[in-house]
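A look at the structure
In case you want the letters, here they are:
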Amino acid sequence: MPLNELIPIINKLQEAFAPLGIAPIDLPQIAVVGSQSSGKSSVLEALVGYDFLPRGTGICTRRPLILQLLNEDVEQDWAEFAHSSKKLYSFDEVKRTIESETAKVAGTGKSVSSEPIILRVHSRNVVDLTLVDLPGLTKVPVGDQPQDIAEVIHKMVMEVIERPNCIILAVSAANQDIANSDGLQLARLVDPNGERTVGVLTKLDIMDAGTDARDVLEGRTYPLRHGYIGVVNRSQRDIDQGKSMMASMASEKKFFETHPAYSRVAHEQGSGFLSKRLNSLLEGHIRQVLPDISKKAKAMLREASEELTKYGDGGAQTSREQRAHVVSAIQGFCEDYKEAVLGVSRNLDDSRLYGSGCIREIFTSVFPDEVRQIDAKSELTDDDIHIVRRNAVGVKADLFVPNAAFETLVKRLIRKLEDPAGHCVRKVSEQLKVLLRDVVKTSPQVCRFDELKKRVWAECMRLLTEKTFQAAEFVQGIINMQVAYINTENPNFEKIRAGVYKLSMQAHQSTVSAREANDRESASQERRAAENKARPRGVKQGTFEVCVKGEWKQYFVKVVDKSMQLYSGKSDTSPLRTIPLEGCAVSDPESGNEVEIRSVTEKGWIRSKSESTRLRFKSAEEAATWSNIFRLMADSDVGIHGSSWSSASDSPEKRLSDRRSSMGMSAAASMGVHGSPSRRAAQSLSLTEREVLEAKVLRQLLEHYFRIVQASVIDSVPKAIMLTLVNSLQNNVYTHLMGSIYLHDDEALAALTRESEEVVRRRMEVIKLNLALRKAIAVMRDL
């Protein structure tokens with residue numbers, strides 16, 4: 001396509017998008033930016049060759065003006081506005097039309113509007129060019145201008161120039177410091193490297209004497225990729241005196257050719273060079289981006305058409321139409337929800353795990369981790385196993401590891417799986433709630449009607465609660481099923497059980513062999529001790545007063561082989577009396593120098609007979625020495641066979657009764673409230689080697705079986721949740737919504753299908769966008 005046909009195409013696209021205010025597609029264009037006093041309007045008039053823009057104090061351009069210059073071979077130049085087909089041959093009439101159209105939209109004051117005015121100029125003296133004249137930048141409101149006028153204009157200008165396809169024509173006055181140029185400052189915000197900015201310097205002819213703008217024009221002050229172009233416009237005096245544009249351009253050419261600072265670059269300055277340069281830039285830019293514009297317009301038209309179809313053609317009037325709208329909305333909602341569950345919805349949040357992806361993560365990672373954290377080793381202590389095992393055995397002797405103990409302990413472990421299973425149900429339910437909420441928000445047919453949207457959400461939550469409860473019961477049933485029947489015949493457990501028993505028997509045989517060796521060693525030690533005991537021991541002797549049967553008499557006393565022998569004299573060879581000391585009770589010395597020895601002569605369960613022998617020594621030290629000798633000979637443990645007692649006057653019967661009472665109290669202390677052994681008592685009980693071995697076997701069996709149950713639960717619970725919650729909710733949501741929403745109540749249908757103001761507004765926007773895109777595609781159809 002010839003270059004001179006590209007700009008007219010962009011002009012037609014701008015006309016197509018003009019009703020939208022801001023074009024939905026970034027079209028190539030040149031935006032003129034500058035302050036109110038920069039001479040922006042004079043630059044545009046020089047490009048057109050006519051005086052056609054409103055002038056005066058304050059803001060003159062209060063609506064964006066899209067100026068389309070068309071180079072045509074016409075007998076007389078003329079202009080036309082996009083909103084009217086009338087040809088205007090008088091540019092004074094063009095000026096009046098601009099003023100009247102501005103007043104219609106922005107009012108008669110000094111306020112501004114972003115709705116553009118499109119003006120086409122047909123002339124043989126212009127080049128094909130399209131420019132957007134934006135309101136001049138201001139800082140302080142004057143007169144009846146709004147207080148936020150500066151912010152409003154700034155925002156309006158930024159919306160245009162921030163688009164990448166916009167070429168910025170920054171107009172600055174040469175008689176002011178270039179660093180303070182409002183146009184360049186705003187351009188730098190969106191184009192910091194100056195890639196798409198063209199600088200224009202005005203008022204070069206009124207700079208202070210001896211100064212010039214050569215450094216700026218040559219790019220040494222603030223460089224731009226496309227450089228700077230200087231122009232000399234008509235002054236207000238020239239305008240008042242009616243100086244023509246042709247004469248003004250001749251004066252401008254002469255100024256640059258004769259000025260000592262600009263004569264060398266005069267061929268690259270002036271309004272004529274500016275128009276050609278802008279034409280070249282714009283056409284090259286259009287050729288580069290036009291294919292992308294066509295593709296984008298077609299894609300946007302498809303989206304707009306789909307959205308318009310969902311919004312429909314307006315609110316329903318009859319009950320039949322209202323019922324059809326409700327049914328269609330529910331069907332559309334259910335389809336959107338199904339797509340969201342399957343993970344194929346276009347509205348999915350790709351920034352995080354979402355919907356079905358998050359549910360799968362719960363099934364494959366979160367839930368299994370929680371189940372595996374329940375470890376049989378840490379959940380069951382050795383005391384737990386010993387207590388349950390002994391309770392299972394009871395008073396009977398056990399031959400094998402009791403089944404009752406195994407089942408009691410393994411059921412206790414299985415019950416601990418209830419919490420992670422319940423957590424899994426709740427987490428999946430929460431994800432489904434998020435999914436339903438997002439589908440309700442994004443489903444266009446439901447969002448059209450506020451009341452229907454609220455009703456659908458409420459019914460979905462009611463159905464979700466019902467399905468969540470059913471899933472929780474089903475999952476609890478899985479745990480109860482595992483508790484109800486402990487399948488020790490499971491093939492995986494059967495192999496493990498056989499191996500554990502084999503190892504336990506080997507360990508038992510090793511223990512028996514070790515115990516037999518210990519028994520032989522103990523028997524050998526006992527024989528050696530008996531031989532040593534049979535040997536004669538050392539003899540202790542002395543003469544003391546002894547009270548036998550209440551009579552004190554002096555005897556010669558010998559202590560030999562745990563017996564005390566009484567002689568009438570030291571020279572006698574046969575003892576008068578022999579008193580055995582083994583198992584007797586010896587008192588502490590009384591009155592400082594007496595010791596009493598009591599020995600049982602006849603034992604009985606109810607009553608025993610005893611005999612007392614008292615000895616009197618010369619001193620308390622001697623009595624204490626002999627008392628210790630007697631205690632060593634007694635060689636007994638506690639009670640009546642002990643080495644001492646608190647009162648020498650207590651009878652053997654009383655001490656025996658005290659001992660039995662003490663034993664009874666100890667037994668009672670080891671019982672619980674109802675007579676069962678407490679945990680502390682069980683811990684204090686010593687365990688036989690067999691009990692220790694069987695406890696180890698029981699623990700190994702428990703750990704292996706519990707791992708089998710864990711694997712079964714990890715596999716079964718997600719399947720149950722998918723069946724009773726995820727799939728059931730998806731399969732029943734349509735039936736539930738159709739059954740819970742009253743389709744036969746005309747008043748209810750009217751309330752449900754009442755559209756919100758936002759929906760009505762959005763429908764109108766989509767209709768306008770749809771029409772604009774169709775016009776734009778028709779323009780580009782021949783490309």
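These figures come from a predicted structure and were not determined experimentally. Numbering of residues starts from 1 in every chain and runs along the sequence as written. The predicted nature of this model means local features are confined to residues of pLDDT at least 70 and side-chain atom pairs, given and counted, to a pLDDT of 80 or more, with totals for whole chains, interfaces and linings taken over all residues. Just so you know, side-chain values use all the structure's heavy atoms and leave hydrogens and water out.

1. Section: the side chain of D133
Here is the rule we go by: In this text, helices come from DSSP runs of H or I with a minimum length of four residues, and strands from runs of E with a minimum of two, each type numbered from the N-terminal end. Nitrogen and oxygen atoms within 3.5 Å of one another constitute a polar contact, given that in protein one can donate a hydrogen and the other can accept it, and given that sequence-neighbouring residues count only through two side-chain atoms. Should any heavy atoms of two residues lie within 4.5 Å, those residues are considered in contact.
The residue D133 is located in strand β5 (residues 129-133) in this model. At a separation of 2.8 Å, a polar atom in the side chain of D133 contacts the side chain of K40. When near neighbours in sequence (up to four residues on either side) are disregarded, D133 contacts V32, K40, L44, L53, T61, R63, P64 and L65.

2. Here we look at the nonpolar core
Rules: The term nonpolar core refers to a set of buried residues drawn from Ala, Val, Leu, Ile, Met, Phe, Trp, Tyr and Cys, joined through side-chain atoms within 4.5 Å. Using a 1.4 Å probe on the protein chains alone, a residue whose accessible area is under 20% of its type maximum counts as buried, one over 50% counts as exposed, and one in between counts as partly exposed.
Counting residues in hydrophobic clusters, the biggest one holds 70 residues, and the most contacted among them are F333, V428, L432 and I721. Those elements giving two or more residues to this core turn out to be α10 (319-342), α11 (356-372), α13 (382-393), α14 (403-415), α15 (418-442), α17 (450-484), α22 (689-740) and α23 (746-752). Each residue touching V428, except ones within four places of it in the same chain, is listed here: I359, I362, F363, I721, L725 and V726. By size, the runner-up hydrophobic cluster in this structure holds 60 residues, among which are I98, V121, V231 and L769.

3. Comments concerning the sheet that holds strand β6 (residues 166-173)
So the rule is basically this: Strands are treated as partners if at least two bridges between them are detected by DSSP. Here an angle of 0 to 180 degrees is reported between the N-to-C directions of two axes, which are lines fitted to C-alpha atoms, with helices fitted over the stretch in contact.
Read across the sheet, eight strands follow the order β3-β4-β2-β5-β1-β6-β7-β8 without closing on themselves; strand pairing throughout is mixed. The sheet is open, and its two edges are formed by β3 (78-81) and β8 (228-230), each paired on a single side. Looking at each pair of strands side by side, their axes are set apart by 25 degrees on average, direction ignored. Relative to strand β4 (residues 117-123), strand β2 (residues 65-71) is paired through seven bridges, and the arrangement is parallel. Paired with N71 across the bridge in β4 is S123. This element, helix α4 (residues 149-161), spans β1 (29-33) and β6 of the sheet and lies at about 155 degrees to β1. Of the strands in this sheet, β1, β5, β6, β7 (197-202) and β8 are in contact with helix α9 (residues 271-311), which crosses β5 at around 100 degrees.

4. Considerations on the environment of A247
Structurally, A247 is set in helix α8 (residues 245-258). Sequence separation between A247 and R234 is 13 residues; the distance between their C-alpha atoms is 9.6 Å.

5. Examining the packing of α10 against α15
The description of two packed helices rests on the angle between their axes and on the distance between the axes. The line we're drawing: Angles below 35 degrees are treated as roughly parallel, those above 145 as roughly antiparallel, those between 65 and 115 as roughly perpendicular, and all remaining angles as oblique. Definitions for this section: a left-handed crossing has its near helix turned counterclockwise from the far helix by less than a right angle. A right-handed crossing has that turn clockwise.
It is the contact of α10 with α15, at a shortest axis distance of 10 Å, that shows an interaxial angle of 135 degrees. Here α10 is positioned oblique relative to α15, judged by the angle of their axes. α15 is crossed by α10, and the crossing has right-handed handedness. Taking contact as the criterion, the partners of F333, D336, Y337, A340 and V341 in α10 are, on α15, L432, L435, L436, V439 and V440.

6. Considering the packing of aromatic side chains
This is how it is decided: Stacked, tilted and edge-to-face are the three classes assigned to paired rings of Phe, Tyr and Trp, where Trp is represented by its six-membered ring and a pair needs centres within 6.5 Å; plane angles under 30 degrees give stacked, over 60 edge-to-face, the rest tilted. Distance and angle both matter: a charge sits over a ring if NZ of Lys or CZ of Arg is within 6 Å of the ring centre and within 35 degrees of the ring normal.
Applying the stated criterion to the full structure yields 10 aromatic pairs. Pairing F544 with W626 gives two aromatic rings, centres 5.1 Å apart and planes at 70 degrees, and the pair type is edge-to-face. Linking F544 in strand β9 (residues 540-548) with W626 in helix α19 (residues 620-634), this pair joins segments that are 82 residues apart in sequence. Since its relative accessible area comes to 6%, F544 is described here as buried. Among the aromatic residues, ring-to-ring pairing joins F544, F617, W626 and F630 into one connected group. In this arrangement the basic side chain of K558 is found over the ring face of Y567, its NZ or CZ atom lying 5.1 Å from the centre. Over the ring of W552 we find R616; its NZ or CZ atom is 3.8 Å from the centre of that ring.

7. Quick notes on the pattern of salt bridges
Test applied: One side-chain nitrogen of Lys or Arg within 4 Å of one carboxyl oxygen of Asp or Glu is enough to make a salt bridge.
A full pass over the atoms with the stated rule returns 29 salt bridges. Where E765 meets R761, a salt bridge forms, and the shortest distance between an N and an O atom there is 2.2 Å. With E765 and R761 both in helix α24 (residues 757-780), this residue pair falls four residues apart, about one helical turn. Judged by its relative accessible area of 38%, R761 falls in the partly exposed class. Residue R762 pairs with E765 through a salt bridge whose shortest N-O separation is 3.1 Å. Remark: E765 and R762 occur in helix α24; sequence separation between them is three residues, near one turn of the helix. Several salt bridges share partner residues, and in doing so they unite R214, D215, E218, R220 and R264 into one network.

8. Digging into the state of the cysteines
The cut-off we apply is this: Here, two cysteine sulfur atoms that lie within 2.5 Å of each other are counted as a disulfide.
Counted according to the given criterion, the structure contains zero disulfides. Of all cysteine sulfurs, the one in C460 lies closest to C334, which takes part in no disulfide; the gap is 7.4 Å.

9. Points about α19
Note the threshold: Multiplying one less than the number of residues by 1.5 Å gives the expected span of a helix.
The end-to-end C-alpha distance of α19 is 21 Å, a good match for the 21 Å that 15 residues give at a rise of 1.5 Å each. Every buried residue of α19 is accounted for by A623, W626, S627, I629, F630, R631, M633 and A634.

10. Quick word on the packing of α4 against helix α5 (residues 182-190)
Keep this limit in mind: Polar here means any residue outside two lists: the nonpolar Ala, Val, Leu, Ile, Met, Phe, Trp, Tyr, Cys and Pro, and the charged Asp, Glu, Lys and Arg; Gly therefore counts as polar.
Relative orientation of the contacting elements α4 and α5 amounts to 50 degrees, with a least axis distance of 10 Å. Considered as vectors, α4 and α5 are oriented oblique to each other. Note on packing geometry: the crossing formed by α4 with α5 is right-handed. Of α5, the residues touching α4 (which contributes H154, V157, M158 and I161) are L186, L189 and V190. Here the contact of α4 with α5 is built from residues that sort into six nonpolar, one polar and no charged.

All quantities given are derived from atomic positions and should not be read as evidence of function.
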